[in-house]
Amino acid sequence: MTEPGPAPEGATAPPPPPVIEFHGVGLTYPGPPPVPALLPCDLTVLTGDYVTVVGPSGSGKSTFLNIAGLLDRPTSGRYLLDGVDTGAVGDAGRTALRGRRIGFVFQSFHLLPHRSALENVTLALLYNGTPRGQRLALAREALERVGLGHRLDAVPSRLSGGERQRVAIARAVVARPSLLLCDEPTGNLDTVTAESVLSLLDQLHGEGMTLLVITHDREVAARGRRTVTIRDGVLREREQQHEESGVRT
Amino acid sequence: MIRFRRAPRVPRLTTRMSPRDLVSEALGGLLQRPGRSALTSLGTVLGVGTFVAVLGLTATTSAQIDSTFNALTATEVTVEDTGGGDADDVPLSFPDDAQQRVEKLHGVEHAGVYWQVGLEGREDDTVRATLTGDAGDGERGASVVAADPGLLGAVEPTLREGRLFGAWHSEHRQPVAVLGAGLASRLGITSLENAPAVHIGGRAFTVVGILDDVERQTSLLLSVIVPRTTAEDIWGPPDDSSRAKMLVSTDVGAARQIADELPVALDPAHQDRFGAVPPPDPKALRSSVSNDLGQLFLLLACVCLVIGAVGIANTTLVAVLERTPEIGLRRALGARGIHVTGQFLTESAVLGLLGGLVGASVGTLVVVGVAVAQHWTAVVEPLTVATAPAAGMLTGLLAGVYPAWRAARIQPVEALRR
C-alpha cells in the first residue's frame, strides 16, 4: 500500500523529515465487538505536498483526520510528525505539537461568536507561547494575507460564509504550522465562495504550505497534487488524474 | 512571495499560558454574555452583601451600646444596704456623713444616700399641694424620697425652676422639697412664683425646685424629694421593705475601682453591710449582642453564599455544555486540559469576585443607610470590607470546580464534530 511521494529523496543536503509519516497506523475501537475504524496503513506526506483525502461518509475519513491532527491516538503503528514520534510523547506534548505544528480548518469554521476576526485569529497564538505583544501584528498580517485586511474588527455574525472560512484559514496559518489540516473546508459554502476559498488554499500551497484536505467532493479532491482514498477503513493512494498545472492558476 | 518557515525542529513539548492571558480570556468569556454574567453573580452579591451588612450592623450597634454605656451606665455604682448579719437590728447602715466620706474618694463625682419613705399605714398618707379640702384630694401613694443633696447631683438633673436643696438644708434639717415634673403637674404646681408648699403626711415642705428631667433614676420625676436628715427626724429610718441605697456617679473608667473601695470608705468596721453593684463589663455586653442576633444573620449570609455558589456552578455548567465547540477548538489550537480548567475556574472566580465587590458595596450602603436612619455612627470593620470580595471570589472558585473539571474532560474530537 505504500506509495512514495512524488518528490525524490535528495541525497545532496540533509533533507527535512516528511511532515507526516504513517507506519502501519490503524485504529480499532475497543469493546465488544471491536470496531476497526482505520485499518493499518502507511502514508508519507512531504513538505510542500498538497494531499486530498476522499471517501464516502463513514469510511474512516474522520478517524484519519483525528489521528493526523493528533486529536486521537492510533491503536497500532507509529506516526511521526515532523520526525517526532507522536506515540512517544505524553498528552501535554501531543497538545503542544498540535498547537505549534498543525493548523486546523473546519467545515463549520468554529469561530468564537462575539469576538472580532482579529481576536479569533490571535486565539491560535494564545497557547503556543507567542509573546503577547506580537500576537496582534501577526494576526493582522495573517488576515491581510487571506484578503481580509479590511474586516479586522468584524464579528463572525457580520461576515459572509466565505469570509468566515478565510478568518478560520488565517487562524490556522498564523502560527506558521508545518501542516494545514482542512476538514471539508468548502462543505458549508456555495460554489462561487468555495472556489475563492480553494484558490486561497492553492495560494498557500504555492507559498510552500503543506496541505491535507479531507473532502467528499471530487472537484475539491481534484485540486490536490495527490489524492488518497479511504473506503471501509482502507486507505489507498491513486495517481492524480489531472495535470497540476491545469488546476493551479 | 512569502515562504512559510517551518517551526523550530525540536519542539518544546509544553504549552504555557500566562496568568494575564488567562484573566483576559476569562473576561472575554464573561463579556460574551454580560446579562447572564450579572444574573449569575447575583447570588454572591446577596450573600456577600448580607455578610457585610450583618457584620457592619453588629459593629454599629455595639459601638452604639458602647457610647450609651460610657455616658451613663459605665459611670454608675449603686451601693445597697444589706445590713450584713445585723439587718434586723440596724435599719440604716449608712453613716450620717456617708456622702462626705464617699465624695472624698478619687474619681467620685457625686454620691448620695436615698430611700423611699413609707407613708403607708400612717394616719395621713397623702401628698398634696394645700391643706384645705379633703384628704382624698391629695396624691395617695405618691413616692416620697429621702435623699442626700449628693443624690440630686448624681442623677444629673435638669431644673425647670428653682434650685436643688443643698448641704445647708440637709445639715439644718429644713422642711424643703424638690418636686419631679410629673408629680408637680399632678399636684397642680406649675410655678414657684408664689412659693408653693407640699404637705406630706400633713407636714408642710417648701418647694424649692422642680426637676424637668434626670439622666438616672427617672422614677424621681414622679417623686417628691426631701432632705434625708429631715425625713429621718420626722419618719425615722427606712423601713425593712425599702432599705436605703446609695447612688454614686464616677469618672469614666473609675466605676469598678470605686465599687471595690466603697464599703471600706463607708464603714471600715462593717464592710459586710454594703453591697456595691458595679456597672456590667462593656466587653461582655458587646459580645452578648453580637452573639445573639449576629450569629443568626451570619448563618443566613452563609446560606445566601451557598445559594450564590450553586447559582454560579449551575450557570457555569450550562456555559460549559454550550461552549463545547469552543473548548474543542481551544484544545485543537494547543490548549491543554489544565488551560481549559483554568479558564473556567477563572471565569467563575471573576464572577464571584465581582459579586463580592458589588455585595460589599451594597452591604456597606445598607449599614450606612440604617445608621443614618437611626442617627447612629456607622461602623464597618475595614477587615470585613477587605475580605468580602475575597470571600466572593472563593465562593466562585469553589462553584467552578465541578464545571471546570467537566470542561477539561471534553474530548476535542467529540467537541469538533458538532
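Now for a look at the structure at hand.

Analysis parameters
- Residues numbered from 1 in each chain as written.
- Chains lettered and ligands numbered in written order.
- Predicted model: local features only at pLDDT ≥ 70, side-chain atom pairs only at ≥ 80, totals over all residues.
- Heavy atoms only, no water.
- Helix = DSSP H or I, 4+ residues; strand = E, 2+ residues; numbered from the N terminus.
- Buried < 20%, exposed > 50% of the residue type's maximum accessible area, 1.4 Å probe, protein only.
- Contact = heavy atoms within 4.5 Å.
- Buried area = accessible area lost by both parts, 1.4 Å probe.
- Salt bridge = Lys/Arg side-chain N within 4 Å of Asp/Glu carboxyl O.
- Polar contact = N/O pair within 3.5 Å; in protein donor to acceptor, adjacent residues only side chain to side chain.
- Pairing = 2+ DSSP bridges.
- Axes fitted to C-alpha atoms, helices over the stretch in contact; angles between N-to-C directions.
- Expected span 1.5 Å × (residues − 1).
- Parallel < 35°, antiparallel > 145°, perpendicular 65-115°, else oblique.
- Left-handed = near helix turned anticlockwise from the far one by under 90°.
- Nonpolar A, V, L, I, M, F, W, Y, C, P; charged D, E, K, R; others polar.

**Thoughts on the overall build of chain B**
Looking only at helices and strands, chain B has 14 helices and twelve strands in total. Counting all 418 residues of chain B, 47% fall into the buried class. Considering only contacts within chain B whose residues lie at least 6 apart along the sequence, 82% involve residues at least 24 apart.

**Some points on the interface of chain B and chain A**
Taken together, the 42 residues of chain B in the interface contact 44 residues of chain A. Of the roughly 4000 Å² buried at the junction of chain B and chain A (both faces included), carbon and sulfur atoms supply 56%. Inspection of the chain B/chain A interface yields three salt bridges. For Glu25(B), the salt bridge identified is with Arg115(A), shortest N-O distance 3.6 Å. Where chain B packs against chain A, one counts four residue pairs in polar contact (both at pLDDT 80 or more).

**Digging into the sheet that holds strand 9 (residues 226-231) of chain A**
All names here are of chain A. Read from one edge of the open sheet, six strands run 6-7-8-3-9-10, paired in mixed fashion. This sheet does not close on itself; its edge strands, each paired only once, are strand 6 (102-105) and strand 10 (234-238). Taking each pair of neighbouring strands and ignoring which way they run, the sheet shows an average axis angle of 20°. The sheet contact formed by strand 7 (residues 179-183) and strand 8 (residues 210-215) spans five bridges and is parallel. Bridged to Asp 183 within strand 8 is Ile 214. Packing of helix 1 (residues 61-68) onto the sheet brings it into contact with strand 3 (50-54), strand 6, strand 7, strand 8, strand 9 and strand 10, and relative to strand 8 it is tilted by some 155°. Packed onto the sheet, helix 2 (residues 91-101) meets strand 6 and strand 7 and runs at close to 70° relative to strand 6.

**Remarks on helix 12 (residues 337-374) of chain B**
An ideal rise of 1.5 Å per residue puts 56 Å on 38 residues; helix 12 of chain B measures up with 55 Å between its terminal C-alpha atoms. The positive-phi residue at the C-terminal boundary of helix 12 of chain B is His375(B), with phi of around 60°.

**Notes on the packing of helix 11 (residues 324-332) of chain B against helix 12 of chain B**
Residue and element names in this part refer to chain B. The geometry of helix 11 relative to helix 12 is characterised by a closest axis approach of 9 Å and an angle of 135° between their N-to-C directions. Comparing the axis directions of helix 11 and helix 12 gives the class oblique. Considering only the axes of helix 11 and helix 12, their crossing is right-handed. In this structure, helix 11 contributes Glu 326, Ile 327, Arg 330 and Arg 331 to the contact, and helix 12 contributes Gly 337, Val 340, Gln 343 and Phe 344. In the contact of helix 11 with helix 12, the residues fall into three nonpolar, two polar and three charged.

**Some points on the sheet that holds strand 1 (residues 20-29) of chain A**
Residues and elements named next belong to chain A. Here four strands make up an open sheet; going across it, the order is 2-1-4-5 and the pairing antiparallel. A single partner strand is all that each edge strand has here, and the edge strands are strand 2 (35-45) and strand 5 (84-85). Judged from the five bridges that link them, strand 1 and strand 4 (residues 76-81) form a sheet pairing that is antiparallel. Across the sheet, the residue bridging to Ile 20 is Leu 81, located in strand 4. Where helix 1 meets the sheet, its contacts fall on strand 1, strand 2 and strand 4, and the angle it forms with strand 1 comes to roughly 125°.

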